Amino acid sequence: QVQLVESGGGLVQAGKSLTLSCEASGSIFSIGVMGWFRQAPGKQRDLVASITRGGWKNYADSVKGRFTISRDNTKNTVYLQMNSLKPEDTAVYYCNAQEITKPILPGTYWGQGTQVTVSS
């Protein structure tokens, strides 16, 4: 089993930055690709960004150029640096991890979610 714990959410003004962290514990050797999803009220949960163990990254079009995903395998932690935040980025952000034998997200393991609110 894998446990994911997010941190770093909060309330920020538009144009500001915020960094989310997600630390994995448990059977971390079984983790492959990791990523961040977000879900706004009344909307579906969408992929924001993903990163493989080797560092290959993928972003949603809505965050390209503003968000950066990174991963420290020595700390079992994935980060989401969010710059130039917009009110439409307001959502609950979820960390997600996939089993190493499967290439794509969404994966098996989810964090509890962290709220990000961007005020105009």
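Preceding this paragraph is the structure being described.
About the criteria used
Along each chain, the written sequence defines residue order, and numbers are assigned to residues from 1. For this predicted model, a pLDDT threshold of at least 70 governs which residues receive local features, and a threshold of 80 or more governs which side-chain atom pairs are given and counted, while totals over whole chains, interfaces and linings are taken from all residues. Water and hydrogen atoms were dropped before computing side-chain values, which therefore reflect all heavy atoms in the structure. Only protein chains enter the accessibility calculation, which uses a 1.4 Å probe; a residue is then buried when its area is under 20% of its type maximum, exposed when over 50%, and partly exposed in between. Only runs of H or I of at least four residues qualify as helices and only runs of E of at least two qualify as strands under DSSP, and these elements are numbered from the N terminus. Pairing between two strands is assigned when DSSP locates at least 2 bridges connecting them. Here a residue-residue contact requires only that any non-hydrogen atoms of the pair lie within 4.5 Å. Among the buried residues, those of types Ala, Val, Leu, Ile, Met, Phe, Trp, Tyr and Cys that are joined through side-chain atoms within 4.5 Å form a nonpolar core.

Q: Describe the pairing of strand E9 (residues 91–99), and please don't skip the residues or the numbers.
A: Regular strands have side chains that alternate between both faces of the sheet. Taking burial as the measure, the nine residues of E9 include seven buried ones, the bulk of the element. Where strand E4 (residues 31–39) meets E9, seven bridges bridge the pair, whose relative direction is antiparallel. The residue bridging Phe 37 from the neighbouring strand is Tyr 94, located in E9. With three bridges joining them, E9 and strand E11 (residues 114–119) adopt antiparallel strand pairing. Among the inter-strand pairings, Val 92 is bridged to a residue of E11, identified as Gln 115. In this structure, E9 lies alongside strand E10 (residues 109–110), joined through two bridges in antiparallel fashion. Residue pairing for E10: Ala 97 is matched across the bridge by Tyr 109.

Q: Go over the environment of Thr 52, please, and point to the residues and values.
A: Along the chain, Thr 52 falls in the loop between strand E5 (46–51) and strand E6 (57–59). The contact partners of Thr 52, leaving out residues within four places of it in the chain, are Val 33 and Arg 71.

Q: So what's going on with the nonpolar core? Which residues, and what values?
A: Grouped burial of nonpolar side chains is what soluble globular proteins tend to show. One finds Leu 4, Trp 36, Leu 80, Met 82 and Tyr 93 to be the most contacted residues of the largest nonpolar core, which totals 29 residues. Not counting residues up to four positions away in its chain, the partners in contact with Leu 80 are Leu 18, Thr 19, Leu 20, Trp 36, Val 48, Ala 49, Phe 67, Thr 68, Ile 69 and Tyr 93.

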